[in-house]
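# Fold and contact review
What follows is the residue order along each chain.
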Amino acid sequence: MILTIDVGNTNTQFGGFNDGGELVFESRIATDRFRMADEYAIMLADILRLYNVSANDISGAILASVVMPVTGQLKSAVEKVCGCRVMTVGPGLKTGLNIKIEEPASLGADLAAVAVGAKENYPLPAIVIDLGTATKILAVDKSGAFIGGIIAPGVKISAEALAAKTATLPLISVTDEPIKRVIGTNTIDCMRSGLLYGAAFMLDGFVKHFEREIGEKCTVVATGGFSTAIKPLCGTDFILDEYLILKGLYAMYKKNS
């Protein structure tokens, strides 16, 4: 079994793939840059027990991280618990992507992984939407080349900024219940509408302009924590794949093993 790990700013996601490339288990914990390697090792051992997976069954692992203080701690934790080699996404690791941006080495590990996930699993050209701490929209052309994208504040960041930078607006939970109307009739509903519909309308606009610049209709794939809440509000018909980054990491592991 191959262990895939995505260290994001808010959550860390684990996935285990069997020899047939099927996702056997998936688990998430809060990312904590102050957690020590042994603490991560205890949590990983507990996750494996929770899903009835033996540490001895893990033959390899691959890790993508955007939180550098956590990278070494988690790598050490995996080595302690599973005793296997851990690949780290970064310069020198083969992605299978032709990265056509100005500074290819600057491409984030998470962006590379979701782009590979889209390339390996869906028809090209593709637009990949990652709705996490930040909102990222990426373009992969029909040849499989990563040609760029956009990065914007995520829904949670926007909600926190509203509460922090205004005198009377509260910090709200954006996805507590389904949103029914664009026009809010109280402060909370107005904020939720602005945040969720604002993100949805932004995505619709970007997809339209991405396709115009690419020059043809694209497969649109969305992933990330807010994708489920925003999908019903979008005019764009897109595929929802919450495990896209794990699939990309697994594909990258196989290319480098």
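Residues numbered from 1 in each chain as written. Predicted model: local features only at pLDDT ≥ 70, side-chain atom pairs only at ≥ 80, totals over all residues. Heavy atoms only, no water.

### What about the packing of helix H1 (residues 37–50) against helix H2 (residues 68–82)?
Each pair of packed helices can be summarised by the angle the axes make with each other and by the distance between the axes. Filter applied, for reference: Only the stretch in contact is used when a helix axis is fitted, and all axes are lines through C-alpha atoms; the angle between N-to-C directions ranges over 0 to 180 degrees. The helix and strand labels rest on DSSP assignments: H or I over at least four residues marks a helix, E over at least two residues marks a strand, and numbering proceeds from the N terminus. Between 65 and 115 degrees an angle is taken as roughly perpendicular, under 35 as roughly parallel, over 145 as roughly antiparallel, and anywhere else as oblique. Note: crossing handedness is left-handed where the near helix turns anticlockwise from the far helix by less than a right angle, and right-handed where it turns clockwise. Note on definitions: a residue-residue contact is assigned when non-hydrogen atoms from the two residues lie within 4.5 Å. Under the convention adopted here, Pro, Cys and the residues Ala, Val, Leu, Ile, Met, Phe, Trp and Tyr are nonpolar, Asp, Glu, Lys and Arg are charged, and Gly plus all remaining residues are polar.
Direction vectors running N to C along H1 and H2 enclose 50°, while the axes themselves pass 8 Å from each other. By the angle class used here, H1 and H2 are oblique. By crossing handedness, the relation of H1 to H2 is classed as right-handed. Residue-level contacts link Ala-37, Asp-38, Tyr-40, Ala-41, Leu-44, Ala-45 and Leu-48 of H1 to Val-70, Gln-73, Leu-74, Ser-76, Ala-77, Val-78, Lys-80, Val-81 and Cys-82 of H2. Residues of the contact of H1 with H2, tallied by class, amount to twelve nonpolar, two polar and two charged.

### Observations regarding the sheet that holds strand E5 (residues 86–88)
To be explicit about the condition: Two strands pair under a simple rule: DSSP has to find at least two bridges between them.
Across the sheet, five strands lie side by side as E3-E2-E1-E4-E5; this open sheet has mixed pairing. Each of the sheet's edge strands pairs with one partner strand only, and the pair in question is strand E3 (23–30) and E5. Each strand axis lies, on average, 15° off the axis of its neighbour in the sheet, ignoring direction. Where strand E2 (residues 11–17) and E3 come together, seven bridges link them in antiparallel fashion. What sits directly across from Phe-14, in E3, is Ser-27. Relative to the sheet, H1 contacts strand E1 (2–7), E2 and E3, its axis offset from that of E3 by approximately 145°. Against the sheet, helix H7 (residues 244–256) engages E1, E2, E3, strand E4 (60–65) and E5, with an angle of about 125° to E1.

### Quick notes on the nonpolar core
Formally: Take the buried residues of types Ala, Val, Leu, Ile, Met, Phe, Trp, Tyr and Cys, join any two whose side-chain atoms come within 4.5 Å, and each joined set is a nonpolar core. Note on classification: 1.4 Å probe, protein chains only; a residue is buried when its accessible area is under 20% of the maximum for its type, exposed when over 50%, partly exposed between these limits.
Core analysis: the biggest nonpolar cluster contains 31 residues, and Ile-62, Val-89 and Met-252 have the highest contact counts within it. Contacts of Ile-62, omitting those with residues within four sequence positions, involve Leu-3, Thr-4, Ile-5, Met-87, Val-89, Leu-93, Leu-249, Met-252 and Tyr-253. Among the nonpolar cores identified, the runner-up in size contains 29 residues, and Ile-127, Val-155, Phe-226 and Cys-234 belong to it.

### Structural notes on the pattern of salt bridges
Rules: One side-chain nitrogen of Lys or Arg within 4 Å of one carboxyl oxygen of Asp or Glu is enough to make a salt bridge.
All chains considered together, the criterion is met by nine salt bridges. Among the salt bridges present, the one from Asp-46 reaches Arg-49, with a minimum N-O distance of 2.3 Å. One end of the pair, Asp-46, and the other, Arg-49, are both in helix H1, three residues apart, so they sit about a helical turn from each other. Asp-110 is the salt-bridge partner of Lys-136, the closest N and O atoms lying 3.0 Å from each other. With Lys-136 in strand E8 (residues 134–140) and Asp-110 in helix H3 (residues 109–121), this pair connects stretches of sequence that are 26 residues apart. Taking the relative accessible area as the measure of exposure, Lys-136 reaches 11% and is therefore buried.

### Regarding the state of the cysteines
The following threshold applies: The term disulfide is used for any two cysteine sulfur atoms that are within 2.5 Å.
In total, this model carries zero disulfides according to the counting rule given. We note that Cys-82 lacks a disulfide partner, and the nearest cysteine sulfur, in Cys-84, lies 5.0 Å from it. Of all cysteine sulfurs in the structure, the one in Cys-218 sits closest to Cys-234, which takes part in no disulfide; the separation is 16 Å.

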